[in-house]
Amino acid sequence: LLAVAMLVIGDVGSIIAIKTAAVVVALAGLILLRWGRTILARVWFPLAYLLLGMPIWDGVIARLQEPSQLLSGSIATVILRAIGIPALHDGIKIMIPAVTLEVMRECSGVNQLMTIIAMTLPAAYLMLNRISRRALLVALGIVISYLSNGSRIALVGVLAYRGLGDGNLRGAHLLEGLAVSLLGYLLLFACFGVLSRNDRPAPNDEDRSRAAVDLRRDDGVLSRLTWIEPATLAVMVAVGAFLLVDRPTEIALQ
């Protein structure tokens, strides 16, 4: 019912984020209704992971752009100074002798950050058992994402300082970004390999028996509430049909 309400509100208000999030809420409700709390507790992560594929993050990504530009520029400046190239960081600009680099929004590293988060979350959930190691892997992914992006910007500065590149987004600059990103992914996989050692204990018999008891309890409750399923599905079908049929007609201008 909550998902149906979100669908109606999103449709009336033309709010795409609410309409798309209603899909996840509906799936969670149907699983809870049909198979109970135990199964929902087992599949909560795949359901929540679906949210990453929905257009509800535009505001978050937009707010991350400017801080990520500044952070990537700071990291690049530190790297340039560490290898002996004088550099001055001013906002999104990095000034080195004869060259001024500008960290554009496309080079902020937010896209790579979202990609790495989308990779590390399922890896941590499926392959790691301890919550501390899961959180550490995601945190390492964020750190490696920004470090690799700062290194890529610094590489552009090094090549421009040596007269070997102009920072053009085509050609060699694309290869530079791919090479640095590949090194970042290899480092992330190495961290994952270290954290995953001896971390996944086998479930014991007590956990299995407790889960079986919970399943039987949920099945017993559902057997007494069989009317809820057809009633809920009828409401969902009715609202879906209403939203599908009740559409404003386009009237062309004369």
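Below or above, wherever it landed, is the structure these notes cover. (Residues numbered from 1 in each chain as written. Predicted model: local features only at pLDDT ≥ 70, side-chain atom pairs only at ≥ 80, totals over all residues. Heavy atoms only, no water.)

This next bit is on the packing of helix α1 (residues 2-13) against helix α2 (residues 16-35). The relative placement of two packed helices comes down to the angle between their axes together with the axis-to-axis distance. Packing of α1 against α2 leaves a shortest axis separation of 8 Å and a crossing angle of 170 degrees. By the angle between their directions, the pair α1 and α2 is classed as roughly antiparallel. Only Ile18, Lys19, Ala21, Ala22, Val25 and Ala26 of α2 make contact with α1, whose side of the interface consists of Leu2, Ala3, Met6, Leu7, Gly10 and Asp11. Classifying every residue of the contact of α1 with α2 by side-chain character gives 9 nonpolar, 1 polar and 2 charged. (Axes fitted to C-alpha atoms, helices over the stretch in contact; angles between N-to-C directions. Helix = DSSP H or I, 4+ residues; strand = E, 2+ residues; numbered from the N terminus. Parallel < 35°, antiparallel > 145°, perpendicular 65-115°, else oblique. Contact = heavy atoms within 4.5 Å. Nonpolar A, V, L, I, M, F, W, Y, C, P; charged D, E, K, R; others polar.)

Right, let's get into α2. Across its 20 residues, α2 extends 29 Å between first and last C-alpha, which sits within 8% of the 28 Å expected from 1.5 Å per residue. All buried positions along α2 are accounted for by Thr20, Ala21, Ala22, Val24, Ala26, Ile31 and Leu33. Two residues or fewer past α2, Gly36 is found with a positive phi of approximately 95 degrees. (Expected span 1.5 Å × (residues − 1). Buried < 20%, exposed > 50% of the residue type's maximum accessible area, 1.4 Å probe, protein only.)

This part is about α1. With 12 residues, α1 ought to run about 16 Å at 1.5 Å a step, and its terminal C-alpha atoms sit 16 Å apart, in line with that. Within α1, burial applies to Ala3, Val4, Met6, Gly10 and Asp11. Taken end-on, α1 shows its buried residues confined to a sector of 160 degrees, consistent with a single buried face. Turned more than 90 degrees from where α1 packs its buried face, Leu2, Ile9 and Val12 sit exposed. Among the structural elements, α2 and α10 (228-245) are those in contact with the buried residues of α1. (Arc of directions from axis to C-beta.)

Quick look at the sheet that holds strand β2 (residues 93-96) now. One open sheet accounts for 3 strands, arranged β1-β2-β3; its pairing is antiparallel. Looking at the sheet topology across the chains shown, the edges are occupied by β1 (88-90) and β3 (99-102). With strand direction ignored, the average angle separating the axes of adjacent strands in the sheet is 20 degrees. One ladder, built from 3 bridges, connects β1 with β2; its direction is antiparallel. Within β2, the position partnered with His89 by the bridge is Ile94. Packing against the sheet, helix α5 (residues 58-82) makes contact with β1 and β2, and its axis sits at approximately 170 degrees to β1. (Pairing = 2+ DSSP bridges.)

Another point: unusual backbone geometry. Even without being a glycine, Ser14 presents a positive backbone phi close to 55 degrees. Relative to the assigned elements, Ser14 resides in the loop between α1 and α2. Since its relative accessible area comes to 62%, Ser14 is described here as exposed.

Across 4 bridges, β2 lies against β3 in antiparallel orientation. When the bridges of β3 are listed, Met95 appears paired with Thr100. The turn linking β2 back onto β3 is made up of 2 residues, and Ala98 within it adopts a positive phi angle of 70 degrees.

Packing of helix α6 (residues 110-127) against helix α7 (residues 131-161) leaves a shortest axis separation of 9 Å and a crossing angle of 155 degrees. Compared by their axis directions, α6 and α7 come out roughly antiparallel. Note that α6 runs across α7; the crossing there is right-handed. For the pair formed by α6 and α7, the contact residues are Gln112, Leu113, Ile116, Ile117, Thr120, Leu121, Ala124 and Tyr125 on the first element and Arg134, Leu137, Val138, Gly141, Ile142, Ser145, Tyr146, Ser148 and Asn149 on the second. Along the lines of polarity and charge, the residues of the contact of α6 with α7 split into 10 nonpolar, 6 polar and 1 charged. (Left-handed = near helix turned anticlockwise from the far one by under 90°.)

The next point concerns the nonpolar core. For soluble globular proteins, nonpolar side chains are generally found buried alongside one another. Judged by nonpolar contacts, Ala76, Leu80, Ile85, Ala87, Ile94, Ile96, Leu101, Val103, Cys107, Ile153, Ala154 and Val156 together constitute the single largest core of 12 residues. The biggest single contributor to this core is α7, with 3 residues. In this structure, Val103 is in contact with Gln69, Gly73, Ile92, Ile94 and Ile153, ignoring residues within four places of it in sequence. Core analysis: the next-biggest nonpolar cluster, separate from the first, contains 8 residues, Ala124, Leu128, Ile144 and Leu188 among them. (Core = buried A, V, L, I, M, F, W, Y, C linked by side-chain atoms within 4.5 Å.)

Don't take any of this as a statement about function, it's just geometry.
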